[in-house]
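Architecture and fold: a report
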Amino acid sequence: RRRSDGGINSVNQRRSVMSSFAGVSVLADGGLCPATESFVDAGTDCGYHLLVVQDYRRTKQEAPTGDSITSRPFTVGGHDWYLHYYPNGENQSCADYVSLTVSRLHDNEGADEVVDAKCGFSFVDQVEKQNPVYIRETETCSFPFPRSSWSCDKFVRRDALERSANLRGDCFTIRCDIMVVRDTKGGDSEVLLPDMHQHFSDLFQTIWVLM
């Protein structure tokens, strides 16, 4: 790993990338709310999507292990993505957990291109896991073809979620960060924190429309 000594040359070699808001999906009444079905493009190589799960207990009752509810599609780094939420786990080995998956959607351009990206899931209040430095240090995932995916099969135990402050009024919000890797041999990238106040304003306006 190349060491940065904080000198002028190393600073000039850094490339600033804004972590951008890539939309919000609201899951209500056991499925994706129609008002949040359209595409959202982050417009950068680093973006995040918010997944708002309303009526959590209903999703737990209606979706057996292996069944998921799918988010709206969204675009980060010029590629289309979507999320799967498994309230009772993706398979029997994680049936006591909430599982989450991020999948690459079919791209009209570069369908045969291997896409490398760093991905992470967190509750919306876990700001330490949303720090760009933290995301940049995570393992790079490979998405070799459309519909390939990366899973966090044991995101949180259901009983722990139900005892936690993350579940409020039978609702919780998950953030998925995606950082598309363009050149692993290039210089260091400096990723700036997004304007969270503006993005939460957009989120609350979206939820207000749905109420």
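The sections below set out a description of the structure shown in this document.

Criteria and cut-off values
Residues numbered from 1 in each chain as written. Predicted model: local features only at pLDDT ≥ 70, side-chain atom pairs only at ≥ 80, totals over all residues. Heavy atoms only, no water. Helix = DSSP H or I, 4+ residues; strand = E, 2+ residues; numbered from the N terminus. Contact = heavy atoms within 4.5 Å. Areas by Shrake-Rupley, 256 points an atom, 1.4 Å probe, with all protein chains shown as cover. Buried < 20%, exposed > 50% of the residue type's maximum accessible area, 1.4 Å probe, protein only. Lys, Arg positive; Asp, Glu negative; His and termini not counted. Salt bridge = Lys/Arg side-chain N within 4 Å of Asp/Glu carboxyl O. Polar contact = N/O pair within 3.5 Å; in protein donor to acceptor, adjacent residues only side chain to side chain. Pairing = 2+ DSSP bridges. Core = buried A, V, L, I, M, F, W, Y, C linked by side-chain atoms within 4.5 Å.

Let us look at the overall build of the protein chain. Counting its secondary structure elements, the protein chain contains five helices and 13 strands. Expressed as a percentage of contacts within the protein chain between residues at least 6 apart in sequence, the contacts between residues at least 24 apart total 75%. Within the structure as shown, the protein chain displays about 11100 Å² of accessible surface, and the carbon and sulfur contribution to it stands at 48%.

A negative phi angle is the norm for most residues apart from glycine, just as the trans form is the norm for most peptide bonds. In this structure, D29 takes a positive phi of about 55° despite not being glycine. Within the secondary structure layout, D29 lies in the loop between β1 (15–28) and β2 (31–32). Its identity is not glycine, yet D170 carries a phi of approximately 65°, on the positive side. Counting through the fold element by element, D170 comes out in the loop between α4 (158–163) and β12 (172–180).

Bringing the side chain of K118 into the picture now. Inspection of the secondary structure puts K118 in strand β9 (residues 115–123). Here K118 sits buried without a salt bridge, and the closest side chain of opposite charge, E137, lies 7.1 Å off (N-O distance). A polar contact of 2.8 Å, which involves the side chain of K118, links it to the backbone oxygen of T138. Apart from the residues within four sequence positions on either side, K118 is in contact with I135, R136, T138, E139, T140, D177, I178, M179 and V181.

Let us look at the pairing of strand β10 (residues 140–143). Residues C141 and F143 point to one face of β10 and are all buried, whereas T140 and S142, pointing to the other face, are not buried. In the sheet, β9 pairs with β10 via four bridges, with the strands oriented antiparallel. Note on β10: the bridge partner recorded for A117 is C141.

Attention now moves to the environment of D67. In this structure, D67 sits in the loop between α2 (56–62) and β5 (69–70). For D67, the contacting residues outside a window of four places in its chain are Y85, Y86 and P87.

Before going further, it helps to examine the nonpolar core. Counting residues in hydrophobic clusters, the biggest one holds 31 residues, and the most contacted among them are W81, Y85, V102, F172 and I178. Listed in part, the eight residues of the second largest apolar core include C33, Y48, L50 and V124.

The quantities given are spatial measurements derived from coordinates; they are silent on function.
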